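Listed below are the residues making up each chain.
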Amino acid sequence: IFEQLVGKNIPALSAFPLQFIFIPIVIVLVVGLLAGLYPAFMLSSLKSVDSLKGKLKTVKSSVFLRKSLVGFQFGIAIIVLIAAAIVTQQVAYFFSKSLGYNKEYIVSAQVPRDWSSVGVQKMEIVRNEFAALPQISDVSLSYEIPNGNNGGQAGVYKPGSDSTRAIPMQALVSDEHYLSTYQISLKAGSFIKSSGAVDSSKIVLNEKAVLAMGWKNNEEAINQQVRIPGDNTLYTIQGVTGDFHFGSMQEQIPPIIFFNIKRVNSYRFLSFKIKPGNINSTIEAIQKKWAALLPGSSFEYNFMDDTLKKLYVNEIQLKKAAYTATFLSLIIALLGVLGLVSLSIHKRIKEIGVRKVLGASLMNIMLLFVKEFVVIILMAGAVACLAGWYIMRGWLNNYSYRISITSQPFIIAISLIGFITLLLIGLQVYKMAKDNAVKNLRTE
């Protein structure tokens, strides 16, 4: 269970040295000894006469300490609840926010590599064969897919300017089907062409790259020429795409430059845009075609949703950990409430018996105990909300694209803690109130 929680491989118990067995045993003994010695010393220090007369001042003086500890437990539970809610919202935001492309029904698979002009031509034939399948909308051959693993950067500068001040851009190598497969918007001009007569000096930028280069709008960038340090080619901008998230939302969308796949003769992925319907039969059809077109290579595919999950594996792992921490913190806090309510009921059992005899209702008796905890919950909630807001604001600052912290997680956390606490108090008081009042009054 802990392996799944932290996402790490943990050695089996048998792999630990034998002496490790004594660590939990020693912890149990030390905690048990301390827990037993404290009440033993406290009780033995009381005067016998005061004990017989019921003058246990020590018990009364430690009420503030007990309430403070329960309040601390409430505070920790509320902070963890707030954190879990905000982490959940942020992870959901990653998968719901527009990525600048359509991730639905996209399957990608790595292909055998023959990085030569002949190899590219062969893969284009393979791509067209796949595209002819009735279950496929489009297929693209590229070096990168939007998974955060870029092939490299290219510095871009205007002719005549200082090459040392070149703008670093994310370089993507693809064919002409990349935009239609991923449904990335084209803002101006046209996309690269890799079939027929090809001019490999034609490039495409995204909107971020256009702004970074200093052009006022997309149309102004069309047919402008740029250079790359160490490359003698004079590149011409023939199109501008919309911005899209190539990597994680922790980072701003970078300037992106598209190169023609025939310019570099390198590729890694086929991306399939499959039609909605029977997904399993579509995958089987692709697999069958793959075996015929690319014998000797395995069809290992990933849906884009799964690729994004790998991209945000740390956040998803944190979400699981937050849920577990919430569950544990609630148990600890409610154990504290259980102990404090049980002690309070035991101390006031005769008082409750008298109130019942005088006609007090169950609701009146319950309010006696509830009002003790309302103040604790409100004070702990106020401090916990401030701490939770500060902690989670710092965490969200790690992301360039993030949610806004609203009052909802704070209200839910305090309301949930309050409801469970009142429910626990109500059950204990109800159980006690059902007892015979005369029997309680006779209790010494």
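Going by the structure above, here's the rest.
S.K.: Hey, could you go over the overall build of the protein for me, with residue numbers and the actual values?
M.R.: The secondary structure content of the protein amounts to 17 helices and 11 strands. Relative to a compact globule of 444 residues, whose C-alpha radius of gyration would be 22 Å, the protein shows 34 Å and is clearly more extended. Dimensions of the protein, computed from the C-alpha atoms along their principal axes, are close to 105 × 50 × 45 Å. Expressed as a percentage of its 444 residues, the buried residues of the protein come to 38%. Put simply, of all contacts in the protein between residues at least 6 apart along the chain, 80% involve residues at least 24 apart. Counting 44 positive and 27 negative side-chain charges, the protein places the averaged centre of each group 16 Å from the other.

S.K.: Explain unusual backbone geometry to me, and be specific about the residues and the numbers.
M.R.: One non-glycine residue, Q183, lies in positive phi territory at about 55°. With respect to the helices, strands and loops of the structure, Q183 is situated in the loop between α7 (178-182) and β5 (186-189). Residues other than glycine seldom take positive phi values, yet N265 does so here, at roughly 55°. Among the structural elements, N265 can be located in the loop between α10 (261-264) and β10 (269-274).

S.K.: Now, about the pattern of salt bridges: what can you tell me, with residues and values included?
M.R.: If you walk through the whole model with that rule in mind, you get 6 salt bridges. A salt bridge links E104 to K103, with the nearest nitrogen and oxygen atoms 3.0 Å apart. Note on K103: relative accessible area 12%, which makes it buried. Linking R263 and D231 is a salt bridge whose minimum nitrogen-to-oxygen distance equals 3.6 Å. Of the two residues, R263 sits in helix α10 while D231 sits in strand β8 (residues 231-241), which places them 32 residues apart along the sequence. Its relative accessible area of 24% is what places D231 among the partly exposed residues. Residues participating in the shared-partner salt-bridge network are K103, E104 and D305.

S.K.: Got a sec to walk through a nonpolar patch on the surface? Specific residues and values, please.
M.R.: Taken together, F2, V6, I10, L13, F16, F20, I23, I27 and V31 make up a surface patch of nonpolar side chains, about 860 Å² in accessible area. The set of elements that each furnish at least two residues to the nonpolar patch consists of α1 (2-6) and α2 (22-44). With 3 residues, the top contributor of residues to the nonpolar patch is α2. Relative to the helices and strands, L13 resides in the loop between α1 and α2.

S.K.: Describe helix α12 (residues 304-311), and please don't skip the residues or the numbers.
M.R.: All of the buried residues along α12 are M304, T307 and L308. The arc enclosing the buried residues of α12, seen along the axis, measures out at 100°, which places them on a common side. Packing partners of the buried residues in α12 comprise α5 (63-96), β1 (106-110), α7 and β11 (301-303).

S.K.: Tell me about the pairing of strand β3 (residues 153-156), and name the residues and values.
M.R.: Because side chains alternate across β3, one face comprises the buried residues A154 and V156, and the other comprises Q153 and G155, none of which is buried. Looking at chain direction, β3 and strand β4 (residues 167-174) are connected through 4 bridges and run antiparallel. Paired with G155 across the strands is P168, a residue of β4.

S.K.: Tell me about the side chain of K273, and please be specific about residues and values.
M.R.: Inspection of the secondary structure puts K273 in strand β10. Put simply, K273 is tucked away with no salt bridge, and the nearest opposite charge, on E104, sits 7.5 Å away. Within the local environment of K273, its side chain forms a polar contact with the backbone oxygen of E104, the two atoms lying 2.7 Å apart. Contact partners of K273, with chain neighbours within four places excluded, come to N102, E104, Y105, I106, I136, S137, D138, T181 and Q183.

S.K.: Quick one: what's the story with the side chain of D138, residue by residue and with numbers?
M.R.: The residue D138 is located in strand β2 (residues 136-142) in this model. Although D138 is buried, it forms no salt bridge, and the closest oppositely charged side chain is R127 at an N-O distance of 6.9 Å. Of the polar contacts made by the side chain of D138, one reaches the side chain of H177; its length is 3.2 Å. Excluding residues within four positions of it along the chain, D138 makes contact with H177, S180, T181, S271, F272 and K273.

S.K.: Quick one: what's the story with the nonpolar core, residue by residue and with numbers?
M.R.: Core analysis: the largest hydrophobic core is formed by 63 residues, its most contacted members being F74, F258 and F373. Those elements that provide at least two residues to this core are α5, α7, β9 (256-260), α12, α13 (313-347), α15 (362-396) and α16 (408-433). Counting residues per element, this core draws most heavily on α15, which supplies 14 residues. When neighbours within four sequence positions are excluded, F258 is seen to be in contact with L172, S174, Y178, L179, F191, I192, I203, V204, T241 and F244.

Cut-offs and rules
- Residues numbered from 1 in each chain as written.
- Predicted model: local features only at pLDDT ≥ 70, side-chain atom pairs only at ≥ 80, totals over all residues.
- Heavy atoms only, no water.
- Helix = DSSP H or I, 4+ residues; strand = E, 2+ residues; numbered from the N terminus.
- Rg over C-alpha atoms; globule rule 2.2 N^0.38 Å.
- Buried < 20%, exposed > 50% of the residue type's maximum accessible area, 1.4 Å probe, protein only.
- Contact = heavy atoms within 4.5 Å.
- Lys, Arg positive; Asp, Glu negative; His and termini not counted.
- Charge placed at Lys NZ, Arg CZ, Asp CG, Glu CD.
- Salt bridge = Lys/Arg side-chain N within 4 Å of Asp/Glu carboxyl O.
- Patch = residues over 30% accessible without salt bridge, like charges linked within 9 Å, V, L, I, M, F, W, Y side chains within 5 Å.
- Areas by Shrake-Rupley, 256 points an atom, 1.4 Å probe, with all protein chains shown as cover.
- Arc of directions from axis to C-beta.
- Pairing = 2+ DSSP bridges.
- Polar contact = N/O pair within 3.5 Å; in protein donor to acceptor, adjacent residues only side chain to side chain.
- Core = buried A, V, L, I, M, F, W, Y, C linked by side-chain atoms within 4.5 Å.

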